[in-house]
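Geometric and topological summary
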Amino acid sequence: MKIDLSEILSVKDKEKTLKCPLDMERFVTSVYDAKITDKSDVIIELKNTGKKKFKLKLETSFGLILPCDRCLSDVSIDMHIKVNRNLDLSVEPEDKDEFCYIDDDGKLDVEKLVHNEILINMPTKILCKEDCKGICNRCGTNLNLQSCDCKDTETVQQMSTLGDILNKLKEV
Ligand SMILES: [Zn+2]
Ligand SMILES: [Zn+2]
């Protein structure tokens, strides 16, 4: 969904509240490919606060299905996205990405904004449970469900190294 900002930006003190469904079905980056579930409507509030300035509020929630860092089984994460910021389109942002959700023709791209917010709010560790035992990297057994005979202390260390690498990738 794209929202034309021209009305908000051109009429002094103009306020607008919109409600729209979230179009995106998946959250996809080079690291993640997560299904989005239990979507609620996106509530957007816009208010003109001056020349080329406006207040942007957005709120929505949904679930993300992601693999556990250790055992790869599906984990459902509740996401609550809340944005409340004052934007000034007359100044170049220091961070170019900051306005990437606003098109050159002055349209607010709701999906892009939500995508950005998911990245910011993504937990650094995704675990099915705090003490997930992971997968044996020799025989592939999910060690939460059963034990295996490999009994190799190396396994645990290698799994945590893999977990660390995954976490490093996510930080980029
Ligand atoms: Zn797990
Ligand atoms: Zn094993």
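For clarity, every value in this text was computed on a predicted model and none was experimentally measured.

Another point: the pattern of salt bridges. In a structure, side chains of opposite charge can pair up when their charged atoms sit close to one another. Counted according to the given criterion, the structure contains eight salt bridges. For Lys2, the salt bridge is made with Asp103, and the minimal N-O distance between the two is 3.0 Å. Of this pair, Lys2 sits in strand 1 (residues 2–4) while Asp103 sits in the loop between strand 7 (74–88) and strand 8 (107–109), placing them 101 residues apart in sequence. Here Lys2 falls in the partly exposed class, since its relative accessible area comes to 47%. Of the residues examined, Asp103 reaches a relative accessible area of 18% and is grouped as buried. Between Lys14 and Glu7 there is a salt bridge, and its shortest N-O distance comes to 3.2 Å. On the accessibility criterion, Glu7 (34% relative accessible area) is partly exposed.

Attention now goes to the coordination of the zinc ion (ligand 1). Distances from the zinc ion (ligand 1) to its protein donors, Cys68 (SG), Cys71 (SG), Cys128 (SG) and Cys132 (SG), fall at 2.3 to 2.4 Å. Of note is the zinc ion (ligand 1), whose four donor atoms meet at the metal with angles of 106 to 116° in an arrangement that counts as tetrahedral. Between consecutive donors of the zinc ion (ligand 1), the numbers of intervening residues give the motif C-x2-C-x56-C-x3-C.

Judged by side-chain polarity, Val31, Ile165 and Leu169 come together as a nonpolar surface patch covering roughly 250 Å² of accessible area. Its location among the elements puts Leu169 in helix 3 (residues 153–171).

Before going further, it helps to examine the side chain of Thr37. Examined against the element boundaries, Thr37 turns out to sit in strand 4 (residues 33–37). A relative accessible area of 18% means that Thr37 is categorised as buried. If we skip the residues at most four places from it in the chain, Thr37 touches Phe62, Gly63 and Ile65.

Moving on: helix 2 (residues 110–121). Think of an α-helix as turning once every 3.6 residues; residues three or four places apart then point the same way. Here helix 2 spans 16 Å end to end across twelve residues, near enough to the 16 Å set by a 1.5 Å rise per residue. Listed in full, the buried residues belonging to helix 2 are Val110, Glu111, Leu113, Val114, Asn116, Glu117 and Ile118. Its side-chain oxygen 3.2 Å from the backbone nitrogen of Glu111, Asp109 forms the N-cap of helix 2.

Reading guide: rules and limits
Residues numbered from 1 in each chain as written. Chains lettered and ligands numbered in written order. Predicted model: local features only at pLDDT ≥ 70, side-chain atom pairs only at ≥ 80, totals over all residues. Heavy atoms only, no water. Salt bridge = Lys/Arg side-chain N within 4 Å of Asp/Glu carboxyl O. Helix = DSSP H or I, 4+ residues; strand = E, 2+ residues; numbered from the N terminus. Buried < 20%, exposed > 50% of the residue type's maximum accessible area, 1.4 Å probe, protein only. Donors = N, O, S within 2.8 Å, 3.2 Å for Na, K, Ca; no water. Tetrahedral: all angles 85-135°; square planar, octahedral: opposite > 155°, others 65-115°. Patch = residues over 30% accessible without salt bridge, like charges linked within 9 Å, V, L, I, M, F, W, Y side chains within 5 Å. Areas by Shrake-Rupley, 256 points an atom, 1.4 Å probe, with all protein chains shown as cover. Contact = heavy atoms within 4.5 Å. Expected span 1.5 Å × (residues − 1). Polar contact = N/O pair within 3.5 Å; in protein donor to acceptor, adjacent residues only side chain to side chain.

Nothing here speaks to function; it is all geometry.
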